[in-house]
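# Residue-level structural notes
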Amino acid sequence: MPDERSADEHLLAERLIQALNLEHLAVGELSPTAALFGHESGGLGLDSIDALEIALMVQKHYGVTLRSEDPDTIAALTSLRSLSAYVLAQRKQ
Amino acid sequence: MPDRAHVINLCAGRLAFMLGFVAAGLRGQTTLLPHSLAARQLEAIRAAYPDCHVLDDSCKSDLQWQDSPRNASLDVDEQATAAILFTSGSTGVPQPHPCTWGSLAALGRLDAQRLTGSRQMNLVVTVPSQHMYGLQTSVLLQLFGDCSVHDGKPFFPADVAAALRAVPAPRALITTPHHLRSCLDAGVALPPLDMVLSATAPLAAELAEKAELLWQTTLLEIYGSTEAGTIGTRRTTSGEPWQLLPGARLDCTADGAVYHASHLPAPLALTDVLDPVSSGSFRLVGRAADQVKIAGKRASLAELNRLLLQVPGVIDGVVFVPENGSRTAALVVAPHLAAAQIVGELAQSMDPAFLPRPVVLLERLPRNELGKLTHTALQEAIR
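All residue numbers here refer to positions counted from 1 along the written sequence of the relevant chain. Written order determines the labels here, with chains lettered from A and ligands numbered from 1. The model is predicted, so local features are restricted to residues of pLDDT at least 70 and side-chain atom pairs to those at 80 or more, both for listing and for counting; the totals for chains, interfaces and linings are taken over all residues. Side-chain descriptors were evaluated using all non-hydrogen atoms of the structure, hydrogens and water having been removed beforehand.

What follows deals with the overall build of chain A. A tally of helices and strands in chain A yields 4 helices and 0 strands. Strands are runs of DSSP state E lasting at least 2 residues, helices are runs of H or I lasting at least 4, and numbering of each runs from the N terminus. Listing each helix as α and each strand as β along chain A from the N terminus yields α-α-α-α. By its C-alpha atoms, chain A is 30 × 25 × 20 Å across when sized along the principal axes. Going through the 93 residues of chain A one by one, you find that 45% of them count as buried. Only protein chains enter the accessibility calculation, which uses a 1.4 Å probe; a residue whose area is less than 20% of its type maximum is buried, one above 50% is exposed, and one in between is partly exposed.

In structure tokens:
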């Protein structure tokens, strides 16, 4: 099932909700494949302020630094699932 | 570029933006500067200015400098409208603010004198060139001052550090309180910085001190607006009053302050409460209570409240800006709604930047015996 979440995705969802003050969303409502930026089909509609908060959050919790010049960064910010996969891969390097 | 009356310049790259801006000016075209890249903002502007051409970063390969921008004589009509900037209201309907070439040139020269002492500096700018503050720094300080600008629009703290390392000294970082805090929190190492400039929102003295200490730099702040450009400047850590630009003055009446400046075609009524200290300086007593500014966008709290109360099922509610918050928050009485439903409804009418976070559902609002919501009660309710 595409909407089933790994433990890592669940933890990242909790950290996102906390970092971005999205407490009106239950962790379970945050679909791992929904768009983080943009409102289409259940997207969260995050903006640039949120992107900076996400960068601080992944640096703090995963020791991963986001850089715009890295094309993978933009792809990573697509959804909860892509962000989780990216930070875990970067952390292992 | 096609022969149209208006050019919507969406370029993020500073060189591409500058090429498009100057090329439009030389051809007598007016540049339109949308506040955001949101599709509905662009649609609204295209509908209002049907005779327009849209320029984006792909234009860089088609346009070329024949001379350096500073040496090229800018043969434009001072009275011609160089640019129309747009600000977003609470609902995101763009409001136009036209500026002539004469006005922008005068502002550029005054800013260069005040901010850089007319010195040559290499600027790294994090704000979009489409906003007044970004236009003043990434374009006007280059055209009418002696600055050079890094081509990038760095976003993440690591990007800012990389861009600063890519330019030679003397370096200046042009940014906002939000980005400044982000760079400090991330603890990125920056090369020697001669100046940091902050604008768009009040900068906390503590943040300014931290930045000056950590980066061994001088932090200047601009107090201004889309309509005025610069109103005052100061070194935040000095605690001194704001200095008006040379030749500018404030007329303070019971109805508020009126700003007169040589770069403005007409006096401008200001919404904030200013207290003159001398003929050339003032203290900022209070920001207009109804104004809220998020991610460079302005809205009226009264209007945001009206939109909240329009949501079907909302019985009572209030939108406000919490202390130290970078967003709005809302307290809502709506027994049959979940917070996510309220946000979803609001997203239909409200610009996303102003959507409240968090939305706290209560049985009743913390009104005092007079029925008023005090600042303290609001702060306590979201703790």
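That was the structure; now back to the text.
Now for the overall build of chain B. Check the secondary structure of chain B and you find 10 helices and 22 strands. What the globule rule says is 2.2 Å times the number of residues to the power 0.38, and the radius of gyration is computed from C-alpha atoms. Expected size for 383 residues packed as a compact globule is a radius of gyration near 21 Å; at 22 Å, chain B falls within 12% of this value. Taken across its 383 residues, chain B has 52% of its residues classed as buried. The long-range share in chain B, meaning contacts at least 24 apart out of those at least 6 apart in sequence, stands at 62%. Each charge sign in chain B was given a centre, from 30 positive and 35 negative side chains, and these centres are 3 Å apart. The contact definition used throughout considers only heavy atoms, calling two residues in contact when any of these lie within 4.5 Å. Only four residue types enter the tally: Lys and Arg on the positive side, Asp and Glu on the negative side, with His and both chain ends excluded. Here the site of a charge means NZ on Lys, CZ on Arg, CG on Asp, or CD on Glu.

This paragraph deals with the pairing of strand 11 (residues 229-235) of chain B. All names here are of chain B. Burial runs high along strand 11: 5 of the 7 residues are buried. Where strand 10 (residues 218-225) lies against strand 11, 6 bridges are found, and the strand directions are antiparallel. By the bridge assignment, S225 is partnered in strand 11 with G229. A pair of strands counts as paired when DSSP detects no fewer than two bridges linking them. Two successive antiparallel strands, strand 10 and strand 11, enclose a turn made up of 3 residues. Bridging between strand 11 and strand 12 (residues 242-244) involves 2 bridges; their strand directions are antiparallel. Residue pairing in the sheet places G232 in a bridge with L244 of strand 12. Between strand 11 and the antiparallel strand that follows it, strand 12, lie 6 residues; G239 among them carries a positive phi value of about 70 degrees.

Before going further, it helps to examine the domain arrangement of chain B. Residue and element names in this part refer to chain B. Where each domain begins and ends follows an automated or database-derived domain assignment. For chain B, the assigned domains read domain 1 (6-286) and domain 2 (291-381). Using only C-alpha atoms to locate each centre, domain 1 and domain 2 end up separated by 31 Å. Every contact between the two is made by 15 residues of domain 1 and, on the other side, 16 residues of domain 2. Taking both sides of the interface into account, the surface hidden between domain 1 and domain 2 amounts to around 1100 Å²; carbon and sulfur atoms contribute 42%. Accessible area, probed at 1.4 Å, shrinks when two parts are joined; the buried area is that loss added up over both.

Okay, the packing of helix 2 (residues 48-62) of chain A against helix 4 (residues 80-92) of chain A next. Residues and elements named next belong to chain A. Note on definitions: angles span 0 to 180 degrees between N-to-C directions of axes, and those axes are lines fitted to C-alpha atoms, for helices only across the stretch in contact. Put simply, helix 2 and helix 4 touch, their axes get as near as 11 Å, and they point 45 degrees apart. Relative to helix 4, helix 2 is oriented oblique. Judged by the sense of rotation from one axis to the other, the crossing of helix 2 with helix 4 is right-handed. Here I54, V58, H61 and Y62 of helix 2 lie close against helix 4, whose contacting residues are L83, V87 and R91. Looking at side-chain class alone, the contact of helix 2 with helix 4 contains 5 nonpolar, 1 polar and 1 charged residues. Should an angle lie under 35 degrees it is considered roughly parallel, over 145 roughly antiparallel, and from 65 to 115 roughly perpendicular; all remaining angles are considered oblique. Here a crossing is called left-handed whenever its near helix is offset anticlockwise from the far helix by less than a right angle, and right-handed whenever the offset is clockwise. Only Asp, Glu, Lys and Arg are considered charged, only Ala, Val, Leu, Ile, Met, Phe, Trp, Tyr, Cys and Pro nonpolar, and every remaining residue, Gly among them, polar.

This part is about the interface of chain B and chain A. Contact residues are listed per partner, giving 23 residues for chain B and 25 residues for chain A. The largest contributions to the chain B side of the interface with chain A come from F155, F156 and R357 of chain B, which together make up 32% of the buried area. Put simply, a salt bridge is a Lys or Arg side-chain nitrogen that is within 4 Å of an Asp or Glu carboxyl oxygen. Taken together, the connections running from chain B to chain A amount to 4 salt bridges. Residues D50 of chain A and R327 of chain B are paired through a salt bridge, measuring 3.0 Å at the closest nitrogen-oxygen approach.

Okay, the packing of aromatic side chains next. Residue and element names in this part refer to chain B. Planes of paired rings set the category: under 30 degrees apart is stacked, over 60 is edge-to-face and the rest tilted, where pairs are Phe, Tyr or Trp rings (Trp by its six-membered ring) whose centres lie within 6.5 Å. Per the counting criterion, the structure on display carries 7 aromatic pairs over all chains. Between W242 and F282, the ring centres sit 6.5 Å apart and the planes meet at 15 degrees, which makes this aromatic pair stacked. Of this pair, W242 sits in strand 12 while F282 sits in strand 17 (residues 281-286), and the two are 40 residues apart along the sequence. Three or more aromatic residues joined by ring pairs make a cluster, and in this case those are F17, F21 and W101.

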